[in-house]
Structures are given as structure tokens and as C-alpha cells.
Amino acid sequence: MELLFGALVMLGCGSGESGGGDEGSVPTVAAAVQNDGPPAVPATGATYYVSPTGNNANAGTLASPWRTPGYGSRKLKAGETLVILGGSYTLSVYDDDILDPPSGTANNWVVIRGEDGNRPILRGKSNLLTAVDLGGAKYVKLQNLEIRSDNGAWFRDGIEALGSPAEHLLFQ
């Protein structure tokens, strides 16, 4: 048995504050997730894309990306990857804006990751419940995402797993 550790950058979530500590400091929340072993190949299927300039009526390709991470997360199937391209994404509408990925399988993980070298920022506001809901999710990997309040706006949680048990989750 192995414990996989990761850190998610979360600024000002759950309060009216926009961070805390010294200017420029980045508070992090570390998560330990129990796993029976690292995934050999996390995702084996299609890769889709989200961009701040996309449109949810698009095909989700790099040339024609979707607009919102929540929409993109709901289109995934086991083994598929969602790449959230660099930029800022405001999350404020309950359910529509929340990333809610499906479960993967031991050989076909669902992967949601930020663009390499250009980490996207998911900014919550309007007292949104969470940015990512992993309740009941299995075999999901989140990578290279920054979650924060939208300029100090009320935003309850960055990541939640409520309703039913979640397992085999990897945060990098």
C-alpha cells in the first residue's frame, strides 16, 4: 500500500480574505490519498481542451476548445483527459461551474490538468459550494490547477468529496 501526496494551491477559499500571510506567499493545502499502487497509465483515451476564449458549443479540441471547465469535466469518460489551458476561469454558478468528473477505472483514469507551463486559475465567487466535487469519484487525477477566491469573494471550498466515498484520487 502506498500513500500518494500532493499539494493544491488554494488562496482565500472559504473566507472573504484573498490569501493571507505575506504578499506573494502562497498557502497550500496538502492532501494524502491512499492508493494500492501508482497508476501505470493514468489516461488512455481522447484529450479535450478548455480555453477562456472557447465556446461550449465547440468540439473540445485544441483548435476548437470548450469555454468552461465544469462543462468540460462533465463530457469526460473513463480514460480521457481534460486540459485546462492557461488563463483565469470564474466559477460562480452552482452546479454548472463546478468540476464534476466521472470515475475512471484502474486502467483508464480520468485526468484533469492545467496546461504545462501555463497553470490555469479557477476563481470561485458568489458563495459557490466548491470548485471541484469528487464525491463518489474513483481513479481521478487532478494536476497543475490553482484554485482561489475571485478577488476576496466568498467561496466555500476548493475541493470536496461529499455524498459518497471517493477513492484512488491523485493530486499533483
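Read on for an overview of the structure.

Reading the values: rules and limits
- Residues numbered from 1 in each chain as written.
- Predicted model: local features only at pLDDT ≥ 70, side-chain atom pairs only at ≥ 80, totals over all residues.
- Heavy atoms only, no water.
- Helix = DSSP H or I, 4+ residues; strand = E, 2+ residues; numbered from the N terminus.
- Contact = heavy atoms within 4.5 Å.
- Areas by Shrake-Rupley, 256 points an atom, 1.4 Å probe, with all protein chains shown as cover.
- Phe/Tyr/Trp six-rings, centres within 6.5 Å; stacked < 30°, edge-to-face > 60°.
- Buried < 20%, exposed > 50% of the residue type's maximum accessible area, 1.4 Å probe, protein only.
- Pairing = 2+ DSSP bridges.
- Axes fitted to C-alpha atoms, helices over the stretch in contact; angles between N-to-C directions.
- Salt bridge = Lys/Arg side-chain N within 4 Å of Asp/Glu carboxyl O.
- Core = buried A, V, L, I, M, F, W, Y, C linked by side-chain atoms within 4.5 Å.

**A closer look at the overall build of the protein chain**
When its secondary structure is counted, the protein chain shows one helix and twelve strands. Pairs at least 24 apart in sequence give 78% of the contacts found in the protein chain among residues at least 6 apart. Just so you have it, the protein chain exposes about 8300 Å², and 47% of that area is on carbon and sulfur atoms.

**Regarding the packing of aromatic side chains**
Enumeration according to the criterion identifies three aromatic pairs in this entry. For the pair Trp66 and Tyr71, a centre-to-centre distance of 5.6 Å together with 80° between the ring planes defines the contact as edge-to-face. The partly exposed category is assigned to Tyr71, whose relative accessible area is 28%. Aromatic ring contacts, followed pair by pair, group Tyr48, Trp66 and Tyr71 into a single cluster.

**Here's the deal with the sheet that holds strand β12 (residues 167-171)**
Read across the sheet, five strands follow the order β3-β4-β6-β9-β12 without closing on themselves; strand pairing throughout is parallel. Both edges of this open sheet fall to β3 (47-50) and β12, since each of them pairs with a single strand only. Strand-to-strand, the axes of this sheet are offset by a mean angle of 15°, without reference to chain direction. Bridge count between strand β9 (residues 138-143) and β12: four bridges; the pairing is parallel. Each residue of the ladder has a partner; that of Lys138, found in β12, is Glu167.

**Focus on the pattern of salt bridges**
Taken as a whole and judged by the stated rule, the model has five salt bridges. Asp95 is paired through a salt bridge with Arg74; the nearest N and O atoms lie 3.2 Å apart. Taken together, the residues Asp95 in the loop between β5 (88-91) and β6 (110-114) and Arg74 in helix α1 (residues 69-75) connect sequence positions 21 residues apart. Residue Arg74 is classed as partly exposed on the basis of its relative accessible area of 34%. A salt bridge links Arg113 to Asp116; the shortest N-O distance between them is 3.5 Å. Here Asp116 falls in the exposed class, since its relative accessible area comes to 59%.

**Comments concerning the nonpolar core**
Taken as a class, soluble globular proteins show a tendency for nonpolar side chains to be buried jointly. Grouped together as the largest cluster of nonpolar side chains are 27 residues, with contacts concentrated most on Leu82, Ile84, Ile112, Val132, Leu134, Val140 and Leu142. Mapped onto this core, the elements with two or more residues apiece are β3, β4 (81-84), β5, β6, β8 (128-133), β9 and β12. When near neighbours in sequence (up to four residues on either side) are disregarded, Val132 contacts Ile98, Leu99, Leu142, Ile147, Gly158, Ile159 and Glu160.

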